[in-house]
Each structure stands twice: as C-alpha cells, then as structure tokens.
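Structural description and commentary
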Amino acid sequence: MCRSRDLADKHSLTSGAYLKHLGPKPTMRVHEFLQLYESGHRNFKGINLSGADLSNCILVNVDLSGADLTGANLSRTFLTRGQFVGTQLQRANLKFAKLSESNFSRANLTKSQGHGAFWIRSELSYARLSGAQLAHVNFRQSCLRCANFCGAVLTGANLRETQLSGANFAWANLGDARLYGANITAVQFNGAHLAGSRLNGLNFRGRELNGINFSNAHMKGTNLQETNLIAANFSHA
C-alpha cells in the first residue's frame, strides 16, 4: 500500500473533525487523504482530489461519493467495495484498477482511461462513460442500466451477464466484446461496431440496426426478427 509522506501537524484533530475543519467541499492533499484513510477514516464524500496521484494504492471500502477526482491517477489502485455515487471522474486514469463490487451510479467517467480494469458485480446505472477508453474491461455481472457509452471504446470487453437495459452504445466500438447472457432491452446500438463480438442468444427483436458491422460476430441463437438491417454487414458472421 502506498504510504503518506511529510504529514501535517494535526494532533489535536480527529479524522472527522479535520474534514469538517476543511469546509463543505474540502480540497485535500494526497498525503493528508492517505493519513486519514490509514487511521481508519472511510467517509470522504464531496472532497476535492482532482489531479491526485493515487496509483497503486489500496483504498478498499472508501466512500468518495460526490467527490471531485477529475484527471486523477487511479491506475492499478484497489477500490473494491467502494462508493462513488455521482463522483466526478472525467479523464481519470483507471487502467487496470480493481473496482469490483463498487457503486458508480451516476458517476461522470467521460473520457476516462480504464483499459484492463476489473469492474465485476458493480453498479454503474446512469453512469456517463461517453468517449471512455475501456478496452478489455471486465464488467461481468454488473448493472449498467441506462449508462451512456456513446463513442466509447470497449474492444475485447467482458459484458457477460450484465444488465444493460436502456444503455446507450451509439457509435461505440464493441469489437470482440463478449455479451453472452446480457439483458439488452431498449439498448441503443446506432452506429456501433460489433465486428467479432460474441452475441450468442441475444434478443435484438425490433431493433434499429441499420448499417451495423456484425462481420465475424458469433451469433448462434441471436434473435433478429423484425429488426432494421439495411446496410448491416454480416460477412463471415
């Protein structure tokens, strides 16, 4: 676990009192945050850690709901079982982070970098992930209901057994992604790239799939009844 350095003198303040002392939306230095975490504090709702380098840290069970982590470096950080409800994570680096069993509902992850992250059995309903780089992310058994993945890159992502109802994948790259067992009710796929993806058994009935690239996709048992497939590419599917 990463350690804090050059700790400030706060001998007379408990962790909770110190946060209150900083004000309603405190800006906190990394070493101050880590000292409080190591002392047992877990509630950091609403704090400002924008641009902070927290890479390779172990921050299990932390509550950063409503916090500002814009542009923060969280690569290879352990954030399992955390609370990030409504957290600002635009352009954050989450590459290879461990995020399983965490709540990211309504979090803003626009243009974040999440290559290779583990997001298993997590809550991401209404999260904003447009333009995010999410190649090879493992979302297995997560709830992504009404999440916005517009223009995101999800090549090789694991979306097996996910709850995707109402999600927006317009213009997203889902090449070679695995979607076995996913609930795709009312999912938007306008302009999405699905070449090589695993779509076995999915129900696309009545969907607008005009111009979608399904080349080399695995589609055994896929329901395409009453769909609009004008200009769709099914070569080698």
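Quick caveat, the model's predicted, so the values are computed rather than measured.

Phe-33 and Trp-119 are the most contacted members of the largest nonpolar core, which totals 67 residues. Here Phe-33 is in contact with Met-28, Phe-44, Ile-47, Leu-49, Leu-54, Leu-59, Val-62 and Leu-64, once residues within four sequence places are set aside.

Take the side chain of Asn-168 next. Relative to the assigned elements, Asn-168 resides in the segment after helix H2 (30–38). What Asn-168 contacts, discounting residues up to four positions off in sequence, is Ala-147, Asn-148, Phe-149, Cys-150 and Gln-188.

Under the definition given, this model contains 5 salt bridges. The partner of Glu-101 in a salt bridge is Arg-121, with the nearest N and O atoms 3.4 Å apart. Here Arg-121 lies in the segment after H2 and Glu-101 lies in the segment after H2, a separation of 20 residues in the sequence. Note that Arg-198 is salt-bridged to Asp-176, the shortest N-O span being 3.8 Å.

This paragraph deals with the confidence of the model for the chain. Confidence in the prediction of the chain, expressed as mean pLDDT, is 90, and 89% of residues score 70 or more. Every residue in residues 1–15 is under pLDDT 50, and counting partners more than four places away or in other chains gives 27 contacts.

Here the focus is the environment of Asn-43. Turning to its location among the elements, Asn-43 is positioned in the segment after H2. A relative accessible area of 40% means that Asn-43 is categorised as partly exposed. Separated by 40 residues in sequence, Asn-43 and Gln-83 place their C-alpha atoms 9.3 Å apart. A polar side-chain atom of Asn-43 sits 3.2 Å from the main-chain amide nitrogen of Lys-45.

Calculation notes
Residues numbered from 1 in each chain as written. Predicted model: local features only at pLDDT ≥ 70, side-chain atom pairs only at ≥ 80, totals over all residues. Heavy atoms only, no water. Core = buried A, V, L, I, M, F, W, Y, C linked by side-chain atoms within 4.5 Å. Buried < 20%, exposed > 50% of the residue type's maximum accessible area, 1.4 Å probe, protein only. Contact = heavy atoms within 4.5 Å. Helix = DSSP H or I, 4+ residues; strand = E, 2+ residues; numbered from the N terminus. Salt bridge = Lys/Arg side-chain N within 4 Å of Asp/Glu carboxyl O. pLDDT = per-residue confidence, 0-100. Polar contact = N/O pair within 3.5 Å; in protein donor to acceptor, adjacent residues only side chain to side chain.

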